[in-house]
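# Understanding the architecture of this molecule
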Amino acid sequence: MTASKKAIVCLSIVTAFFCSCTPSSTPKTVTDWPVYGGSKKADHYSKLKQIDTSNVSRLQMAWIYHTEDADLKASSQIQCNPIIVNGILYGTTPRLKLIALYAATGSQKWVFDPAGSSNSTPANFGMNNSRGVTYWESGNDKRVLYCAGSYIYALDALTGEQIKSFGNGGTVDLHNDLGRDAKKLYISATSPGIIYHDLYIVGSRVNETADAAPGHIRAYDVRTGKLKWIFHTIPYPGEYGYNTWDDPQAYKHIGSANCWAGFSMDEKKGLLFVPTGSAAYDFYGGKRKGAGLFANCLLALDAATGKLVWHYQVIHHDMWDKDLPTAPALVTIKQNGKTIDAVAQPTKHGFIFVLDRSTGKPLFPIDEKPVSTVSELEGEQPWPTQPIPSLPVPFTRQTFTEKDINPYISDASKAEVLKRLRTYRYGSMFIPPGKIPSVIFPGFDGGAEWGGPAYDPASGLLYINANEMAWVMTMIDSKQESSKPENFMQAGNRLFTTNCMGCHGADRKGTGNYPSLINIAAKYKDNQIDALLQNGRRMMPSFKQLTAQDRQAIISFITNNKNTEAHAFAPEHKAIDPYLDIPYEMTGYNKFLTTEGYPAIAPPWGTLNAIDLNTGKMVWRIPLGDDPALSQKGRPTTGTENYGGPVVTAGGLVFIAATKDEKIRAFNKRTGKLVWEAKLPASGFATPSVYEVNGREYLVIACGGGKLKVKSGDAYVAFALPQ
């Protein structure tokens, strides 16, 4: 037993003694957090109020659990919002093991490792990030379902053993049941599925390049793993929305339009709410002309059958990767003396669309406003309008102008930023992509992110954290296969540009949250890089469509291998699929930074916002987190980019971690005043969970770090009031 495990056991024994709850006993009273986000309403709300504004300053660590499988080389993360059912916490680890802990003590009940399961081995197991798991029970049959790699796993909730009667020996392969061959395409799931009666409903994460798998929504029998229904997010002939694609063959070829952000559900009405992302390719729509239903939509589906009830498209013909990033919160709105069941859908561009839950009708006016239709990219046809809500007010800044340049940098740096800005296109959220760089703001990771909002039913306030970081997008001509002979270096450069540049940059130094490939040969052997290309890992999708020679050429190029770069490349001459022959590529996810590496835009770079959904007005807005990089005297709190959402409690508190400064904080939910903070072992890029066992309220957060160039972690940390 390692020292850290011994420490956990010792701490667990002490905690269990004071809680009168040993690992083998059944808790006398529990208040669970049974669903990702707290409930199927996706409201991140807890009715618990033992911890309140008067005593929150006394919170202290109750227990800590180390998974001991952080992957420092790959900047691993834990994005999981753990669920708590019957006093047991279920969550995932950096390497996607599923853990069951006694929620009062943090002591381990069982661990399941998918890499050692019957359907997956370390050699072919591609790790994605996991944001949560799903629980189902009927009588004595209690199950936990979750996705790792390309598989859905069904486990016995009491023992952690695979349920062999589910699917193929305990798993379902997400490549199947899509209506077209997707075996070589990347498909996984980061957000957990949701249960409706005996159905397990799941979305997917797919590629964002032209060869993306379709993002259809599927429901499986939770007992057998058999497909029960499918909703085509890219409609088939005869289905509603089919005519919104100019090309009648689009449904056979176009991919994505997927729900990677998770679901919410009104069980009484039997309505499933599905937020979808853009269609592929993200930044050029010349191969997918039209408004493109059901990409960038909030869908209301009949949960029992998958039939469409209503839809609302928040971006027409998306060219900016404005996926809906989170499930909508189910809320109640008071208007004109009436109480209306509604959904509140946050977006990456800083809006909240508030719609009637049963009909999809907007509860505040939404105008279709003209936007630029001028594109320098041949074949592109931007949509002439975009929907702009009048209320609620935007929760981010939405444009970057010369007045927004960071004032806390040197005059020389300001001048350099201004010079660059004047060579860019800026001033609108809807500038069509082109070869002249354009400023993307609030950013590719801007506005709302996958953490999602919290909603307080008592006050009608919605709490949403936001990123406000400017990025720069540039399109270039794609490198076509040469008619002349190529060597590995030349072919590798071409293949890298087509498949890898968008994330790792033309200079291979990394872009956004994607790592540098400079000196990659010092970290990985060629066979390890080849395995990554075939299987993917975390944010990196797999590239199974590449031949062995393609991969070898890419490896030769990125490792600067002098021994192989001159090898002759023998291309496989095959007919070019016109749907995959995209004439333009994006140069990468490049943040708009100063030469010193500071954000070019003035802070705050991250905020926490409270919005009254009854009026649509902002109640308070504060910077979230602090980046000490700018040390000038008198500077304000900067806020930081943040990932993971808030929770709100009946005790008057909003809890949130999410920031790169390794802190978790509590704010007075009515005023936004900071009332407590604690240092974490690593940044908590996840949403906390709140629960109660035997009369004691706990707050737990996954501390996985790994994003924004901060260290990776392996801990779940729980806080409670002193005994």
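Below: a short report on this structure. (Residues numbered from 1 in each chain as written. Predicted model: local features only at pLDDT ≥ 70, side-chain atom pairs only at ≥ 80, totals over all residues. Heavy atoms only, no water.)

### Quick look at the overall build of the protein chain
Helix and strand content of the protein chain: 7 helices and 44 strands. Taken against the 2.2 N^0.38 rule, which gives 27 Å for 723 residues, the C-alpha radius of gyration of the protein chain at 25 Å falls within 12% of a compact globule. Dimensions of the protein chain along its principal axes, counting C-alpha atoms only, are 75 × 60 × 55 Å. Classification of the 723 residues of the protein chain by burial places 62% in the buried group. Taking contacts inside the protein chain between residues at least 6 apart in sequence as the whole, the part at least 24 apart equals 64%. For the protein chain, the accessible area works out to roughly 26800 Å², and carbon and sulfur atoms hold 52% of it. Taking the 75 positively charged and 66 negatively charged side chains of the protein chain as two groups, their mean positions are separated by 4 Å. (Helix = DSSP H or I, 4+ residues; strand = E, 2+ residues; numbered from the N terminus. Rg over C-alpha atoms; globule rule 2.2 N^0.38 Å. Buried < 20%, exposed > 50% of the residue type's maximum accessible area, 1.4 Å probe, protein only. Contact = heavy atoms within 4.5 Å. Areas by Shrake-Rupley, 256 points an atom, 1.4 Å probe, with all protein chains shown as cover. Lys, Arg positive; Asp, Glu negative; His and termini not counted. Charge placed at Lys NZ, Arg CZ, Asp CG, Glu CD.)

### Points about the environment of Pro453
Looking at the element boundaries, Pro453 is found in the loop between strand S27 (438-440) and strand S28 (454-456). Along the chain, Pro453 and Gln79 lie 374 residues apart, while their C-alpha atoms are 16 Å from each other. When residues no more than four places from it in sequence are discounted, the contact partners of Pro453 are Ala42, Asp43, His44, Thr326, Ala327, Ala329, Pro346, Leu462, Tyr463, Ile464 and Pro646.

### Observations regarding unusual backbone geometry
The bulk of non-glycine residues show a negative phi, and the bulk of peptide bonds are trans. For the bond running from Leu391 to Pro392, omega is -10°, close enough to zero to count as cis. Tracing the sequence through the fold places Pro392 in the loop between strand S26 (385-389) and helix H3 (411-421). A cis amide bond links Pro603 to the next residue, Pro604, at an omega of 10°. On the secondary structure map, Pro604 appears in the loop between strand S35 (590-591) and strand S36 (606-612). Although it is not a glycine, Ala658 adopts a positive phi angle of roughly 75°. Looking at the element boundaries, Ala658 is found in the loop between strand S39 (653-656) and strand S40 (663-668). In this structure, Leu708 is a non-glycine residue whose phi angle is positive, near 55°. Take Leu708: it is sitting in the loop between strand S43 (696-705) and strand S44 (712-720).

### As for the sheet that holds strand S29 (residues 461-467)
The strands that make up a sheet pair up through hydrogen bonds in the backbone, lying either parallel or antiparallel. The sheet built from 4 strands is open, its strands ordered S28-S29-S36-S37 with antiparallel pairing. Since the sheet does not close on itself, it has two edges, and those belong to S28 and strand S37 (617-623), each with one partner. Each strand of the sheet is rotated relative to its neighbour by a mean of 20°, with strand direction disregarded. As paired elements, S36 and S37 share 6 bridges and run antiparallel to each other. Each bridged residue has a counterpart across the sheet, and for Asp612 the counterpart in S37 is Lys617. (Pairing = 2+ DSSP bridges. Axes fitted to C-alpha atoms, helices over the stretch in contact; angles between N-to-C directions.)

### A word on the packing of aromatic side chains
The geometry of two aromatic rings is summed up by the distance between their centres and the angle between their planes. All chains considered together, the criterion is met by 27 aromatic pairs. A centroid spacing of 5.4 Å and a plane angle of 65° characterise the contact between Tyr424 and Phe592, whose relative ring orientation is edge-to-face. Of this pair, Tyr424 sits in the loop between H3 and S27 while Phe592 sits in the loop between S35 and S36; the two residues are 168 residues apart in sequence, bridging distant segments of the chain. Overall, Tyr424 belongs to the buried group, its relative accessible area being 15%. With relative accessibility at 1%, the residue Phe592 sits in the buried group. Relative to Tyr589, the ring of Phe444 has its centre 5.1 Å away and its plane inclined at 80°; by these criteria the two rings are edge-to-face. Taken together, the positions of Phe444 in the loop between S27 and S28 and Tyr589 in the loop between strand S34 (584-586) and S35 put the pair 145 residues apart, joining distant regions of the chain. Neither Phe444 nor Tyr589 differs from the other in exposure class; each is buried. Feature note: the residues Tyr281, Phe283, Phe444, Trp471 and Tyr589 constitute an aromatic cluster, connected by ring pairs. Across from the ring centre of Tyr643, 4.3 Å away, lies the NZ or CZ of Lys707, which sits over that ring. (Phe/Tyr/Trp six-rings, centres within 6.5 Å; stacked < 30°, edge-to-face > 60°. Lys NZ or Arg CZ within 6 Å of the ring centre and 35° of its normal.)

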